[in-house]
Amino acid sequence: MKWTTLLSSSSSLSQHFRSLLRSCSVSSSLLRGKQLHAAATVSGLLSFPNSFLLNALLHLYSSCSSLPYAHYLFDQIPQSHKDTVDYTTFIKCLSRQGYPQKALNLFAEMRQRGLPVDGVSMVCVLNACARLGDVKVGGQCHACVVKIGVSKCVRVCNALMDVYVKCGGLVGEVKKVFDEMEERSVVSWTVVLEGVVKWEGVESGRVLFDRMPERNEVAWTVMLVGYVGNGLTKEAFMLLEQMVFSCGFGLNYVTLCSVLSACAQSGDVSMGRWVHGYGLKMMGWDMDVMVGTSLVDMYAKCGRIDAALAVFKNTSRRNVVTWNAILGGLAMHGKGKVAIYMFPCMVQEVKPDAMTFMALLSACSHSGLVDKGLQFFEELESVYGIRPEIEHYGCMVDLLGRAGRLEEAEVMVRKMPVPPNEFVLGSLIGSCYTHGKLQLGEQIMRELVHIDPLNTEYHILLSNMYALSGKVDEADSFRQILKKRGIRKVPGMSSIYVDGKLHQFSAGDKSHPQTARIYVMLDDMICRLRSVGYVPNTSSQVLFGCSGRDDCTEEALEEVEQVLFSHSEKLALSFGLISTVSGSPLYIFKNLRICQDCHSAMKIASDIYNREIVVRDRCRFHSFKQGSCSCSDYW
């Protein structure tokens, strides 16, 4: 009788615990859930045959994104008691925490066990597939959707279309799934819109946007980000006005962060400033930490590092991502000493992570702080408990290579615990070019070809190295090989915002409406640069068959110089000089690394025209003032 009563009371208590755990899952109350977990363990409830408590705990830790605990609980549930819901819950947790392949492996295990698959399971699996970004796996998931009979489910179709959008932009497949849907939600339309904007262009996206029977905040955000990302600031502001004032939508933190991210990528600070003002109006100074972090990142990547620092200092809630954003921004702007100075303050406030040290090592690399970089790398695991990743090794190779310590850099590459990737070897061959180490450059090039045979940058670097070393025949032969293989250099593009409008230039570009005025200014600028000692650096143009060598004809050398004069950066600078108020700063964004000739020209131009000229190239920022650059020619 006592044993029956004990079982009855324990069962009732277990039911009560399960109810409380479910409540914690819904509210994401991890601390309270852990307390209940401890109480259930101490009271011995988990030792009774009440496996549903383990299930409830699994759901709690999964919903709170506590992967280690979720993994432990999943393993604790007896195999005979694991059901579809348990597998689905853990698959969702793995996917959200950045382990999509493990999530798909778990789904395969679930199928092998013969457990039923429903629409909820399939949505979680498709989300993992979208995160993985593998189109082949996406096709297999599509076949599974049809096979298990959930192809009519709206949520499943939405997730399936998202897979095709994320996995290479298969807009045709997206539209096919969309057309076959018997019922469509606003999410269905929005997923198609995202694919069209991303892969067919913002104009095609606007046509679809205007056709939508209903629009949610995500649809508006997709269009806004599309406009900002393509430099269509005027259209973005018009859409914002319609969204906020005509349709009554407020901008939530997701929309604000998405727009700020697009501003950071495109360099559109005018839209970023508007979002900053809106955020202050709606949230005050105590704004959401994600919005504050996005603002820091946006200002830094738009060349306004002082504004980024001001926002950072006034942000009351900061996490490790916020700190990483400002340290990364300082690194890009060549302010390595400031980044190092701020690091002890960070350690007092938050725990640094792997990204923190990537930012610090990059800051040391761009500022020539070799000893400090070596110290950070040595302390990475011994002091901060962070195992070095391949990106950390890449930063160190870059740091040593820039300083001319190529032997040490090569030793580090060979002693890495994992094979070097393109980033690591690319840094090393770049240093070989800078310091004229042709033999090592040839060796590294052979390894890079195996990784990415079509990457033009490394082929061109090696060809230039041959030419600069006097091996003209090898350089010519190498260029012929590139032509036969159909390998073409990625065209350099430079952009500049004037009055909220994006203006783009390529080398020798004559498509701009103000081309005549731009080239008049360019000719005048070159004359003024020459008058104060500017000499064209023709070594930047060895691919044209002339590198300033004695055997170059006067005509060939003149042709090379004319090509140099019409580089995209100089065209953007000329346009900026004729289109902005005298003395105002100019911000230029380039998709490739700025060449040595343009770097020299920008320094002199900043002094002649009394302008600050900020150039963001693929690697970093160069702030030219009064004849000098923030990089101190260490780049």
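Please refer to the structure higher up on the page.
Residues numbered from 1 in each chain as written. Predicted model: local features only at pLDDT ≥ 70, side-chain atom pairs only at ≥ 80, totals over all residues. Heavy atoms only, no water.

*Asks:* Describe the packing of aromatic side chains, with residues and values.
*Replies:* One pair of aromatic rings is described through two measures. These are the centre distance and the angle between the planes. One pass over the structure, following the stated rule, counts 16 aromatic pairs. Judged by centre distance (5.1 Å) and plane angle (80°), the ring pair of phenylalanine 209 and tryptophan 220 falls under edge-to-face. Pair noted here: phenylalanine 209 is in helix α12 (residues 202-211) and tryptophan 220 is in helix α13 (residues 217-229), with a separation of 11 residues, a long-range link. A ring pair is formed by phenylalanine 343 and phenylalanine 376, whose centres lie 5.5 Å apart and whose planes are at 85°; its orientation type is edge-to-face. Taken together, the positions of phenylalanine 343 in helix α20 (residues 336-349) and phenylalanine 376 in helix α22 (residues 370-382) put the pair 33 residues apart, joining distant regions of the chain. On the basis of relative accessibility, which here comes to 3%, the residue phenylalanine 376 falls in the buried class. An aromatic cluster is built from Phe343, Phe357, Phe376 and Tyr384, whose rings are joined through pairwise contacts. Directly above the aromatic system of phenylalanine 74 lies the positively charged group of lysine 82, at a separation of 4.1 Å from the ring centroid. (Phe/Tyr/Trp six-rings, centres within 6.5 Å; stacked < 30°, edge-to-face > 60°. Helix = DSSP H or I, 4+ residues; strand = E, 2+ residues; numbered from the N terminus. Buried < 20%, exposed > 50% of the residue type's maximum accessible area, 1.4 Å probe, protein only. Lys NZ or Arg CZ within 6 Å of the ring centre and 35° of its normal.)

*Asks:* Hey, could you go over the sheet that holds strand β5 (residues 621-625) for me, with residue numbers and the actual values?
*Replies:* Strand pairing within a sheet occurs via backbone hydrogen bonds; the two strands may be parallel or antiparallel. Strand order in this open sheet of 6 strands is β2-β1-β3-β4-β5-β6, and the pairing throughout is mixed. Either end of the sheet is taken by a strand with one partner, and the two such strands are β2 (501-506) and β6 (628-629). (Pairing = 2+ DSSP bridges.)

*Asks:* Break down helix α23 (residues 390-402) for me, citing the residues and quoting the values.
*Replies:* Side chains of residues three or four places apart in an α-helix project in the same direction, reflecting 3.6 residues per turn. In this model, α23 (13 residues) spans 18 Å end to end at C-alpha, consistent with the 18 Å of a helix rising 1.5 Å per residue. Within α23, 12 of the 13 residues are buried, leaving the element largely enclosed by the surrounding structure. Buried within α23 are the following residues: Ile390, His392, Tyr393, Gly394, Cys395, Met396, Val397, Asp398, Leu399, Leu400, Gly401 and Arg402. Packing partners of the buried residues in α23 comprise α21 (354-367), α22, α24 (406-415) and α25 (422-435). Once α23 finishes, glycine 404 follows within two positions and takes phi at roughly 85°, a positive value. (Expected span 1.5 Å × (residues − 1). Contact = heavy atoms within 4.5 Å.)

*Asks:* Lay out the pattern of salt bridges with the relevant residues and their values.
*Replies:* Applying the stated criterion to the full structure yields 13 salt bridges. A salt bridge links arginine 414 to glutamate 447, with the shortest nitrogen-to-oxygen separation between them at 2.8 Å. Residue arginine 414 is found in helix α24, and its partner glutamate 447 is found in helix α26 (residues 438-451); the two are separated by 33 residues along the sequence. Overall, glutamate 447 belongs to the partly exposed group, its relative accessible area being 25%. Between aspartate 597 and lysine 570 there is a salt bridge, and its shortest N-O distance comes to 2.7 Å. Of this pair, aspartate 597 sits in helix α32 (residues 596-608) while lysine 570 is found in helix α31 (residues 568-579), placing the two residues 27 residues apart along the sequence. Residue aspartate 597 is classed as buried on the basis of its relative accessible area, which comes to 0%. Counted as one network, the salt bridges with shared partners bring together Asp162, Lys166 and Glu194. (Salt bridge = Lys/Arg side-chain N within 4 Å of Asp/Glu carboxyl O.)

*Asks:* For the pairing of β5, give the residues involved together with the corresponding values.
*Replies:* Of all the 5 residues making up β5, 4 are buried; the element is thus mostly covered by neighbouring parts of the structure. In the sheet, strand β4 (residues 613-616) pairs with β5 via 4 bridges, with the strands oriented antiparallel. Within β5, the residue paired with isoleucine 613 across the bridge is phenylalanine 624. Examined bridge by bridge, β5 and β6 share 2 bridges and lie antiparallel to one another. Note on β6: the bridge partner recorded for phenylalanine 624 is cysteine 629. With antiparallel pairing between neighbouring strands as the criterion, β5 and β6 make up a hairpin whose turn holds 2 residues, including glutamine 626 at a positive phi of roughly 45°.

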